[in-house]
Amino acid sequence: MNPLRLPALALAILLGILMCAAGPFNTAWLGGTPLGGGHFPLAPFFISFFLFVGTAMLAAVTKNKPLINGTEQLIIWLFMVIGVGIGYSGLAESFFLNITAPAYYATGGYTWVTTLAPYLPDSWYMNDPAVIKPLYEGVSGGRDMNFLQIFAVIPWSAWIGILLLWGFFIMVAYLTMLCLVNLFGRQWIENERVNFPLLRVPQFMSEALDAGKMGTFLSNKFLLWGIGIPVFIHLINGLSYHYPSIPQLPLLVLAGQYFPKYGLFSGFNKLQLYLVPAYVGFAFLATRQIAFSFWFFYIFGALLMGILYVMGFNIPQSAMGINFGPNLARPAEATVIGSTFVFFLFILWLAREHLVSVFKSGLQDTKVHHGEIIPAAWSMWGAIAGILIMMIWCYWFGMSIGGAVVMPLVFFMIMLVVSRVITQGGLPQFMLTAAPSDGAAGVLGTRILGTAGIAITAVIQKMMFLDVQESLMPNLVHGNKISENTQSKRRFFIALTILLALCVCTAFCSMLVLGYKTGLRDLQLEVETQSVLSIYENAGRLIDAPLSANSWISGFALLGAIFMCILVFCFYKFPWWPLHPLGFLAAYSKSMRILWVCFFLGWLCNYLVLHYGGTSLYRKVQMLFVGLIIGDMLMGGVWAIVSLFSGIVYPVFPELGG
């Protein structure tokens, strides 16, 4: 095990905060290549790669041990990933839009403002027009001021109460996530031996650094071939973006045009074939069963749409009711609601002995096992306390007792399942198929939330539990795995907690500075603004006309639950069973439109290598796929830097969108 030294932790926290601050400035203000955008974001790895190489070169020249050991390098990467997520779509991107929209759009003819106004807690919102108007439109002369001058003119006295209130809520949610991850950490890492494909490349580099073999690692011929492929592709395509006379190498084929809009194959009408070298690499590093299941269930899901159409289930989107999420438009997608619940029960069932043991130990067992950062018993009671605080929070601000009990449980249940899908599946991008409230309201009806609870749920969900593209919880799972190799787990926990608190403060400050300098209205937040307004509008419509349980959603959710029960039973009982339940959970996510071809290619290569060459060939060839990931990330970073000077953004990675 490696030591975890204070200077390295201080550097990790500093870089995490810088990533958090840089995200909004780069994306919303400059319109540059997103620094984050997923669970293996661009900027953290680009910086970490050169930090690994620079540390190894310095150690080789001085013939001393590396100044920053491999585990410390992994923690630096992790903290940057966390920082870049909180700094943009994980929190900052929509936070101020959420808490100012009702007041700013009060005079814009939006009917939902009048409907929601009686039910929105005043303490949640900034209602002073003199404070809100310059936030959306910029202060007078703000574009000519530097950032320190802008910071000085922000009316902090007006903001401090609201930010402290929401900061408390956000930190309770973050620490609850951390406790839940730590509670299941030993079960997932030690008992189930879960694979973490998104961690493999940083781990390879960490091991090479600690062994003094970074030169051997970087000169591996398979790795160099892997790096060369995306470098060649993106060199040509990037130059084509800047000089259109240079032909492009197509990485996207719109195959949907070859399928009919109606009939058995209508589900393939929007089929897209993306080739992203890094995603092929992640798919190869995932277990073969999971990689196969992802692309298989995507095809199965599209075919199911056509089968339903042929059988006469041509159900319009309006039949699905009013939804808070962007994706629950077709009845087959509702199967994910039931399957998610069943898979959550499966997670609990697999961990039953571990959870019972932790519960019986009370607070007496203070031993920290593999896969844990703090004692599991502490995290169990911490998670219970955190969920209870959120229930009290919801009830205090107007939600019904039923809604206050149900919604926090649903939020964390879905986040736990999503974290398992992302980390075990190796998904660099992921979006929810159904918002948590859509699942609860579709099955139980909106009356369980209460009238005020509809508005409260919409706000809390949008802020913390809907946009999972850069959500915190999967990164915390990776943090548990990384902490295996350090002796100073308590120090790691303290540093992580400090990072979370400082990143929340940094995210608040960054968006306020940008808003008062240029105005939120002039930042590149159009998609997020429309998303927030749509959620408020839908909440207003639900208050005007509360809905009972939706029979279509309930019926297909039950169908999904039954199907997942069969999958789970076969997966658990039959070693030869080829399908993993995670594949069905991701089948209708927008992310699979981009990922399914990559996972097909990764699975196919994995199968052929192991079938014909065995593990010896696999160990050699896997470096080719590691190279695909490194090469893609390096080219993404290079073109991101070029775009700051050229003003032309070449998208190395496809954006998932809102």
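Residues numbered from 1 in each chain as written. Predicted model: local features only at pLDDT ≥ 70, side-chain atom pairs only at ≥ 80, totals over all residues. Heavy atoms only, no water.

Chemist: What's the story with the side chain of threonine 115 in this structure? I'm lost.
Modeler: Inspection of the secondary structure assignment puts threonine 115 in helix H5 (residues 111–116). For threonine 115, a relative accessible area of 17% translates into the label buried. Those residues in contact with threonine 115, other than ones at most four positions away along the chain, are Gly540, Ile543 and Asp544. (Helix = DSSP H or I, 4+ residues; strand = E, 2+ residues; numbered from the N terminus. Buried < 20%, exposed > 50% of the residue type's maximum accessible area, 1.4 Å probe, protein only. Contact = heavy atoms within 4.5 Å.)

Chemist: I would appreciate a short explanation of the nonpolar core in the present structure.
Modeler: Side chains of nonpolar character tend, in soluble globular proteins, to be buried together. Leu91, Trp159 and Tyr174 are the most contacted members of the largest nonpolar core, which totals 238 residues. Broken down by element, the residue count for this core peaks at 22 residues, all from helix H25 (residues 591–646). Setting aside chain neighbours within four positions, we find tyrosine 174 in contact with Ile86, Gly90, Leu91, Met464, Leu472, Leu476, Leu500 and Val504. (Core = buried A, V, L, I, M, F, W, Y, C linked by side-chain atoms within 4.5 Å.)

Chemist: Help me understand the packing of helix H13 (residues 288–310) against H25, please; the structure alone is not making it clear to me.
Modeler: When two helices pack together, you describe them by how their axes are tilted relative to each other and by the distance separating the axes. Packing of H13 against H25 brings their axes to within 8 Å, and their N-to-C directions diverge by 140°. Classified by the angle between their axes, H13 and H25 sit oblique to one another. Considering only the axes of H13 and H25, their crossing is left-handed. In this structure, H13 uses Arg288, Ala291, Phe292, Phe294, Trp295, Tyr298 and Ile299 to contact H25, whose residues at the interface are Met592, Arg593, Trp596, Phe599, Phe600, Trp603, Asn606, Tyr607 and Leu610. Split into classes, the residues belonging to the contact of H13 with H25 amount to 13 nonpolar, one polar and two charged. (Axes fitted to C-alpha atoms, helices over the stretch in contact; angles between N-to-C directions. Parallel < 35°, antiparallel > 145°, perpendicular 65-115°, else oblique. Left-handed = near helix turned anticlockwise from the far one by under 90°. Nonpolar A, V, L, I, M, F, W, Y, C, P; charged D, E, K, R; others polar.)

Chemist: What is the right way to look at a nonpolar patch on the surface in this model?
Modeler: Taken together, the side chains of Leu264, Phe265, Ile307, Val310, Met311, Phe313 and Trp552 present a nonpolar region at the surface, about 630 Å² in accessible area. Of the residues examined, phenylalanine 265 reaches a relative accessible area of 41% and is grouped as partly exposed. (Patch = residues over 30% accessible without salt bridge, like charges linked within 9 Å, V, L, I, M, F, W, Y side chains within 5 Å. Areas by Shrake-Rupley, 256 points an atom, 1.4 Å probe, with all protein chains shown as cover. Salt bridge = Lys/Arg side-chain N within 4 Å of Asp/Glu carboxyl O.)

Chemist: Please clarify how the environment of phenylalanine 45 should be interpreted in this entry.
Modeler: The residue phenylalanine 45 is located in helix H2 (residues 42–62) in this model. Here phenylalanine 45 is in contact with Phe40, Trp77, Val201, Met205, Ile630 and Met633, once residues within four sequence places are set aside.

Chemist: Where do I start with the pattern of salt bridges in this structure?
Modeler: In a structure, side chains of opposite charge can pair up when their charged atoms sit close to one another. For the structure shown, the criterion picks out eight salt bridges. Among the salt bridges present, the one from arginine 143 reaches aspartate 522, with a minimum N-O distance of 3.2 Å. Placement of arginine 143 in the loop between helix H6 (129–137) and helix H7 (147–153) and of aspartate 522 in the loop between helix H21 (489–518) and helix H22 (526–544) is noted, with a sequence separation of 379 residues between them. Under the relative-accessibility criterion, aspartate 522 is labelled partly exposed at 45%. Across the salt bridge formed by glutamate 528 and lysine 462, the nearest N and O atoms sit 2.8 Å from each other. Placement of glutamate 528 in helix H22 and of lysine 462 in helix H19 (residues 451–465) is noted, with a sequence separation of 66 residues between them. Given a relative accessible area of 2%, lysine 462 falls into the buried group.

Chemist: When you look at the packing of aromatic side chains in this model, what are you seeing that I'm missing?
Modeler: Each aromatic ring pair is described using two quantities: the centre-to-centre distance and the angle formed by the ring planes. A complete count under the given rule lists 65 aromatic pairs for this structure. With 6.1 Å between their ring centres and 90° between their planes, tyrosine 105 and tyrosine 136 make a pair best called edge-to-face. Of the two residues, tyrosine 105 sits in the loop between helix H4 (92–104) and H5 while tyrosine 136 sits in helix H6, which places them 31 residues apart along the sequence. Across this residue pair, the class does not change: tyrosine 105 and tyrosine 136 are buried. Ring centres of phenylalanine 284 and tyrosine 618 lie 5.2 Å apart, and the angle between their planes is 15°; this geometry places the pair in the stacked category. Of this pair, phenylalanine 284 sits in helix H12 (residues 277–285) while tyrosine 618 is found in helix H25, placing the two residues 334 residues apart along the sequence. The exposure class assigned to phenylalanine 284 is buried, which follows from its relative accessible area of 0%. The structure contains a cluster of three or more aromatic residues connected by ring pairs, namely Phe95, Phe96, Trp124, Trp159, Trp166, Phe168, Phe169, Trp393, Phe397 and Phe508. (Phe/Tyr/Trp six-rings, centres within 6.5 Å; stacked < 30°, edge-to-face > 60°.)

Chemist: Explain helix H8 (residues 156–191) here, please?
Modeler: Side chains three or four residues apart in an α-helix point the same way, a direct result of the helix having 3.6 residues per turn. In this model, H8 (36 residues) spans 49 Å end to end at C-alpha, consistent with the 52 Å of a helix rising 1.5 Å per residue. In the stretch just after H8, arginine 193 is the one whose phi turns positive, near 55°. (Expected span 1.5 Å × (residues − 1).)

Chemist: What exactly am I supposed to notice about unusual backbone geometry here?
Modeler: Leaving glycine aside, a negative phi is the common case for residues, and trans is the common case for peptide bonds. With phi around 55°, lysine 63 is a residue other than glycine that occupies positive phi space. One can find lysine 63 in the loop between H2 and helix H3 (70–86).

Chemist: Looking at this structure, how should I read H19?
Modeler: Taking 1.5 Å of rise per residue, the 15 residues of H19 would be expected to cover 21 Å, and the 20 Å separating its terminal C-alpha atoms lies within 8% of that figure. Of all 15 residues in H19, 14 are buried, a share of seventy percent or more.

Function-wise, these values are silent; they only describe arrangement.
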